[in-house]
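Okay, here's what each chain looks like letter by letter:
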2 protein chains.
Amino acid sequence: MKKAVPKRARTKQKRLSPDDRRREFVARATEFFSEEGFDGGTRDLARRLGVTQPLLYRYFPSKDDLIKEVYRTVYLEPFDAGWEELLTDRSRPLRERLQEFYQAYTDVIFSRRWLRIYFYAGLKGLDINRWYIGVVEDKILARIIGECRYEAGLPEQGKPTASELEMAWVLQSGIFYYGVRKYIFESPVLDDKKQVIDDALDVFLAGFKQVFAAADYPQRVPVKAVG
Amino acid sequence: MKKAVPKRARTKQKRLSPDDRRREFVARATEFFSEEGFDGGTRDLARRLGVTQPLLYRYFPSKDDLIKEVYRTVYLEPFDAGWEELLTDRSRPLRERLQEFYQAYTDVIFSRRWLRIYFYAGLKGLDINRWYIGVVEDKILARIIGECRYEAGLPEQGKPTASELEMAWVLQSGIFYYGVRKYIFESPVLDDKKQVIDDALDVFLAGFKQVFAAADYPQRVPVKAVG
DNA sequence: GATGTTGTTTATCGCCTGATCACCAACTAT
DNA sequence: ATAGTTGGTGATCAGGCGATAAACAACATC
């Protein structure tokens, strides 16, 4: 019906390089999918981007490919290589290191965008979540356990036991879920992240020390676990 | 094309009462939606039930109404009135009560079905999750705090402070997320729920006691919090 | 055994979805 | 100016969706 009439009037917007434009699409698609879930329509997405729907297919072969790129940016973005060093820097008190780490880490992942994408992906059963959990165990929790052992004067046998890891997970999840309650469920929470983290660390460090002082070490379950 | 030919051969299945049949539909729909998410199609659902799709609309006015019933069964199912009494029964050691409670509670909610529905609903932003979180705070966490205070010889002023609640949340979430890792992400975990709970409780109780012994009570933030 | 009621199916409607194609518009190089 | 390449659009397709209507099957009652 309508003829293709030049849509002059928004040519003000200067052209970006192809790569930049693509990146912009991915970034805004991330925002979009974090709200609508991955079942959000390509038409709605295109409208949000201010373009028409078929154009998406010039930049991404399929919706699924676009989604994969969204995952990549979300999951790779957060990890700061400096964190491992921070956690293991024994010239500083452990509590201080943990405080600083969890402040920084939660600054990155405590956002509606990140947390929602994380759970949407998780519910889809994608490997990427399992991979991420593995990274958290290796790069964060294992180090924390190592430092706690050191602090408690215990032998630093190579890898942490499975039950030690689970204890570190309780700390990690306890803090993590504060963000979930706040940004996903939008439930009322104590609006002082720092205090929540500090209290969690106080409880954990005091409790961990005491539990491990009494621990019957050699008998603990070795690290291999089952799904 | 095809004429309505009698589909004899499975009339063995005796007729249930309308209410029972309805309940059966809801139960199996719960299972279905927990796997596929609430965007799962009514045709697939009907196939799973062994009936045709329009039949669903004889039992439920719309897909949304069916989903609402799914929520209701999932969210109301778990709460056992006895738990409040269990938690506050001071004739037994606190640690023992907490152990028993968390064993029982996680027996109910640690299932792929329950956890997935919980997060699908949460991501949709439904009030029901906020309501559930409120119930957990009132019926569980507030009691736990009260008992911990008692145990520590502290005054049992009516309601817990917001920061005390957050500490209890760290324990609750720490245990909860063990189930999330296992049943949603299907990540390898220590396959001994009892030990995970026991360790979490040991760390919490020891840590809590110590933190509260040193607490500057009157200065703590009062209970009202912000979203 | 005819009658009314309830359970179930076939066929279909209108809408929305991801994807494709042919075409136009804009910038670049010659 | 002209040809070529890239950015973007309108129209459209096949398939899936939730929902509805009309007909048929099975049972209960008299």
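Conventions we followed
- Residues numbered from 1 in each chain as written.
- Chains lettered and ligands numbered in written order.
- Predicted model: local features only at pLDDT ≥ 70, side-chain atom pairs only at ≥ 80, totals over all residues.
- Heavy atoms only, no water.
- Contact = heavy atoms within 4.5 Å.
- Buried area = accessible area lost by both parts, 1.4 Å probe.
- Salt bridge = Lys/Arg side-chain N within 4 Å of Asp/Glu carboxyl O.
- Polar contact = N/O pair within 3.5 Å; in protein donor to acceptor, adjacent residues only side chain to side chain.
- Helix = DSSP H or I, 4+ residues; strand = E, 2+ residues; numbered from the N terminus.
- Nonpolar A, V, L, I, M, F, W, Y, C, P; charged D, E, K, R; others polar.
- Least-squares fit on C-alpha atoms with pLDDT ≥ 70 in both.
- Domains from an automatic or database assignment.

J.: Is there a simple way to explain the interface of chain A and chain B in this structure?
T.: Note on interface size: it is often stated as the accessible area lost on association of the parts. With 49 residues of chain A in contact, the opposing surface of chain B contributes 49 residues. Between chain A and chain B, roughly 4,600 Å² of surface is buried when both sides are summed, and carbon and sulfur atoms account for 68% of that area. Our count for the contact surface shared by chain A and chain B stands at two salt bridges. At the junction of chain A with chain B, the criterion picks out eight residue pairs in polar contact (both at pLDDT 80 or more). Every element with two or more residues in the side of chain A that touches chain B is listed here: helix H7 (112-123), helix H8 (127-151), helix H9 (162-184) and helix H10 (193-213) of chain A. Considering each element in turn, the side of chain A that touches chain B owes the most residues, 14 residues, to H9 of chain A. Class assignment of the residues belonging to the side of chain A that touches chain B gives a composition of 28 nonpolar, ten polar and eleven charged.

J.: Please clarify how the relation of the copies chain A and chain B should be interpreted in this entry.
T.: For the pair of chain copies, the relating operation is a rotation around an axis with a shift along it. When chain A is fitted onto chain B, the two copies agree to an RMSD of 0.1 Å after a turn of 180° and an axial shift of 0.0 Å. With respect to symmetry, the two chain copies, as superposed, fit the operation of a two-fold axis. Comparing interface residues between copies, 100% of those in chain A also sit at the interface in chain B, which points to an isologous, same-surface contact.

J.: Help me out: how do you make sense of the domain arrangement of chain A in this one?
T.: All names here are of chain A. What the domain assignment reports for chain A is domain 1 (16-73) and domain 2 (78-212). Its C-alpha centre places domain 1 at a distance of 31 Å from the equivalent point of domain 2. Between domain 1 and domain 2, the residue contacts involve ten residues of the former and nine residues of the latter. Carbon and sulfur atoms make up 65% of the surface buried where domain 1 meets domain 2, a total of about 890 Å² over both sides. Seen at the junction of domain 1 and domain 2, the total is one salt bridge. As a salt-bridge pair, Glu35 and Arg112 come within 2.6 Å of each other at their nearest N and O atoms. Among the elements of the structure, helix H1 (18-36) and helix H4 (63-76) are those that each provide at least two residues to the side of domain 1 that touches domain 2.

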